[in-house]
Amino acid sequence: MSTPATVHQTKWWSGGKSPFNLEYGKLMMWYFLMSDAFTFGAFLISYGTIRFSQNFWPDPNVVFSAFPGAGHTQLPLAFVSVMTFILIISSVTMVMAVHAGHKGDKKGVIKWLVWTIIGGLAFLGCQAWEWHHMITGAYPTLIDGKIELIGQTMAANPWGEVATAADVTKALSNSSVETLAALAHQTGATESHSQLLGMSAEELIAKINTAELHVREKGPVAFGGYFFGITGFHGFHVFSGVIINIVMLIMTQKNVFQNRGHYLMIEKAGLYWHFVDLVWVFVFLCFYLI
Amino acid sequence: MSEALHIHPESTVVGHHDDHNGHGHHHQSFVSKYVFSMDHKTIGKQFLITGIVWAVIGGLFSVLFRLQLGFPGQEFPILETFFGERAAGGLIKPEFYYSLVTMHGTVLVFFVLTAGLSGTFANFLIPLQIGARDMASPFLNMLSYWFFFLASVIMLSSLFVQTGPASGGWTMYPPLSALGQAGDGSKIGTDLWLISMALFIVSSLLGGLNYISTILNMRTKGMSMTRLPLPIWALFFTAVLGVLSFPVLLSGAILLLFDRNLGTSFFLSDIVINGEVLPNEGGSAILYQHLFWFLGHPEVYIILLPAMGMVSEIMSVNSRKPIFGYMAMLGSMFAIAILAFLVWAHHMFVTGLNPFLGSVFVLLTLLIAVPSAIKVFNWLTTLWRGNIRFTVGMLFAIGFVSLFISGGLTGIFLGNSTIDIHLHDTMFVVAHFHIVMGVASMFGMFAGIYHWFPKMYGRYMNATLGYIHFWVTIIGAYLIFWPMHYQGLAGIPRRYLDKSGWHSFNQFGDLDKMITVVTIVVFAVQLMFIFNFFYSIFKGRKVTSSNPWGATTLEWTTPINPGHGNWPGEIPEVHRWPYDYGKDGREYIPQTEPVGSNESKH
Amino acid sequence: MDHQSASSEVTFEHHISDAEFKQRVKKTTILLSVITVIELGIGLLLYAWPGASYLVVLMFKGAVCILTLAKAYYIVSVFMHLGDEIRNMIMTIVVPLLLFIWFIAAFIIDGNSYKNLRNTYDLHFKETTTPVHGHHGSPHQEEPAATPEPGKQ
């Protein structure tokens, strides 16, 4: 980028002009994002504080190992990588839209905005799947001396440490027939579900392949609260970003910016969208990587 | 959207400046002029009047709980007339008492001293003193007020729900505030409190962003940053503090709402309540305190800095002397703004905070004494050998300095973690923060109102009533809060409904009665001020000169009743700093006057 | 590029040629992708290497944090064009972010201290939450966890 000589000659602070060579709207957007960074920062730091106040924390590689259509195959972090790339690419398309706006290229703006909106919606779809999978999941968990199948919710966490074989054997005899049937099914029993339900507890326990059975103790409850809370708050930002982009698309279509002579609104929407990407980078770090 | 509404300083002058002088407004309806107005002056007045309404409510609450503290067990049938069940038999019920204490704190800290003080004067003064037609975005500015209004309506409505308003203290510490079973006030009242605060944060954010970008971008030609009047600098730092710290409270409030309504365990762990074992585990109540005070401490300076800035200005104008140490004032405000972010955990020394970490917080806290002392010395030296005019505004400004010193000194006690162990949660703390932050900021606000009233309404406030207001208030404030130090040193806890169960505290009975009586008198005098305020809007003595105080700053170059756009013609250009008083034999030289060739340097 | 200045506040406009711009965006996209892949690699490496010592784990996690900061830098500087703004503007964004240092440090230190306090004074907490089989709760890990280790969990 060529820097005009004016940069060095202008008395930036003497009044009558912006000291940062930015119109007020962009300045406000920047400082709003800064403020929002403190909102997210506070969430993530709270999460870190609670995590540091616990003796045990679930391993993300264990928690986030599902992939749509892959069944029970363990694919640690694969799905979230896809989500991350979707968001990065949508950020790139947004850069292109802003650039097109800079040139006054209405067609370009529309094209790239549409791609960005698609990227945002794809991300939201992925997140919906991930949440759904975790909440409705049936993870064998050792609770009060018996095994129960629970999902990851705000109030329960199935990702404690792995239960010992002795505990599991003892717990199996206390567990309900429904749970045992489900466990037998999960660990490879060939009978149909109704057939399994017809069996006695002893028969079912014999059917369960303990080598395939991964029973864990209850994990820290706070994990779910923070995971859903923070990814939810981020998802809400993505959602509002998509809405903003749709509004921008409509306004571009209606020649609002063309008539105004500039596409500064697109730049501001772009800043917001990149910020959403930026936050995800840190959410990704805090929840999935470390 | 705001783009179209924005008045560009230069294009206005060239293109359609007729629309912006005082006469261009006959097409405005009542609604667009006084209700959904985008004129920064009107919005400032809206903040002020809403703040006054809240101050009456919040002040009345303190009178009510002072009745209980001064006369425990005494029946006041009038209370039952007004509050029914909550004061059955004329006795304030414990739950009602806690609601009163909580709402008094919340209302005064946020609705009066944040919105009412910085909202009013940031809106009113920034465009006028920097030479702008309006805020950067008048539309967002209007939204800022209406979000505040919405927050007010919700907070007000919480007073009328059956289980009463929030009663967990203005800090809303969980678990008390997180569990509905903990008390009536922790039911719907707390949800309303949290929602109201969330809206309040949105309002303060919209305002703050506007103030910052206006001060940066909209200054008139020649108005460099070091030519800004000190109130503008103070409001600038206030806005920065708000923009960076309010979002952290927002996070805390959201997490608390989740804990209350969605069964999460952010702040809850190992709780048995009324014999019921709660399933929550793993949360940390201390975490909430960290989040709260990360805002809570900067909030103190959000309240105090605007008062400091206005006091500096009023003091210089009425001493007919340049402010002493303009750059030192800036530097110390900057230092205070930075330190404000680093010291929050000094409110938490007795929570089980890591003592080593606590010692770092002690160090950072005590550092604040340095810039505070610089400011105090600068005010005193501004007064020194000045040609002082004791206007009502000036008296309140001097009163501010007095209170800031008295209250600031006890801050040094409390900032030391070892002494804080004894003094924490006693009346000593109540005395400290009421003097240094509560009453001092109120004084800054009064000073500002008396001083800029002529600019706001084109009339003066009645000075005789003003002098009565000042003397009763300052004597009353010291009579109320000074004895509380002794109570606190003797170990009397704050927030207690009735301490007659302790023999050792019985000696303070008469003192408490005295405090309560003085509280009632001071409250009555504030009502007189409010009468003066509204009476003077309509019937006050008219201002005849556009510069009644002989001040140098730009707001006094506008017409007596400026219209939307502030200056009928071009915005004046600025040629000098704002404190050229008593220079070269002249009483004052306005900022708009070019520097003469044979003028002495300041 | 022939559009007029949008506002009187702005003194001059940035100009950049199409080719240079595309080059830059392409480069940044590739960089961001590569860094993400490296981060994932480190995550999986730690998953596949349960015997790694505390220090090694901490080192790798530290590396991931630094890589993330690098990613954030590229997003803000190139995508959000902060790198093209004048220096003072960059400073007003970057300097306040320094508050995060003390924000993070104080919170985390106190969180860690809370854990240590409870492990000392609340035996029930210690016994029910201290992992017996290993930090990751992974079935392969056998090393006992005697003392609580901050940073690793």
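The paragraphs below set out a description of the structure included in this document. In this text the structure is predicted, and so the values were computed from the model without any measurement.

1. So, the pattern of salt bridges
Residue and element names in this part refer to chain B.
- Applying the stated criterion to the full structure yields 18 salt bridges over all chains.
- Taking the shortest distance from any N to any O, the salt bridge between arginine 586 and glutamate 593 comes out at 2.6 Å.
- By sharing partners, the salt bridges in this structure join Arg576, Asp580, Lys583 and Glu599 into a single network.

2. Quick word on the packing of aromatic side chains
- For the coordinates displayed, the defined rule picks out 95 aromatic pairs over all chains.
- Note on B:Phe443 and B:Phe470: the rings are 6.1 Å apart at their centroids and 65 degrees apart in plane angle, and the pair reads as edge-to-face. Here B:Phe443 is found in helix H16 (residues 427-457), whereas its partner B:Phe470 is found in helix H17 (residues 463-489), with 27 residues between them in sequence.
- Judged by centre distance (5.7 Å) and plane angle (15 degrees), the rings of C:Phe100 and C:Phe103 are stacked. Of the two residues, C:Phe100 and C:Phe103 are both situated in helix H4 (residues 99-121); the distance of three residues between them amounts to about one turn of the helix. Residue C:Phe100 shares its accessibility class with C:Phe103, and that shared class is buried.
- We note B:Lys45 situated over the ring of B:Tyr457; from NZ or CZ to the ring centre the distance is 4.9 Å.
- Above the ring of B:Tyr460, the side-chain terminus of B:Arg541 is found at 4.3 Å from the ring centroid.

3. Concerning the sheet that holds strand S2 (residues 146-150) of chain A
Residues and elements named next belong to chain A.
- Here we have three strands laid out as an open sheet, ordered S2-S1-S3, and mixed in their pairing. If you trace the sheet from one side to the other, it starts and ends with S2 and strand S3 (216-217), each paired once.
- For strand S1 (residues 139-143) and S3, the ladder comprises two bridges, and the chain directions are parallel. Paired with threonine 141 across the strands is arginine 216, a residue of S3.
- The sheet strands contacting helix H6 (residues 165-174) are S1, S2 and S3, and the helix crosses S2 at an angle near 80 degrees.

4. Structural notes on the pairing of S2(A)
Residues and elements named next belong to chain A.
- Bridge count for S1 against S2 is five bridges, and the pairing is antiparallel. Counted as the bridge partner of tyrosine 139 is isoleucine 150 from S2.
- Hairpin connection of S1 to S2: two residues between the antiparallel strands, including aspartate 144 at a positive phi of 50 degrees.

Procedures and definitions
- Residues numbered from 1 in each chain as written.
- Chains lettered and ligands numbered in written order.
- Predicted model: local features only at pLDDT ≥ 70, side-chain atom pairs only at ≥ 80, totals over all residues.
- Heavy atoms only, no water.
- Salt bridge = Lys/Arg side-chain N within 4 Å of Asp/Glu carboxyl O.
- Phe/Tyr/Trp six-rings, centres within 6.5 Å; stacked < 30°, edge-to-face > 60°.
- Helix = DSSP H or I, 4+ residues; strand = E, 2+ residues; numbered from the N terminus.
- Buried < 20%, exposed > 50% of the residue type's maximum accessible area, 1.4 Å probe, protein only.
- Lys NZ or Arg CZ within 6 Å of the ring centre and 35° of its normal.
- Pairing = 2+ DSSP bridges.
- Contact = heavy atoms within 4.5 Å.
- Axes fitted to C-alpha atoms, helices over the stretch in contact; angles between N-to-C directions.

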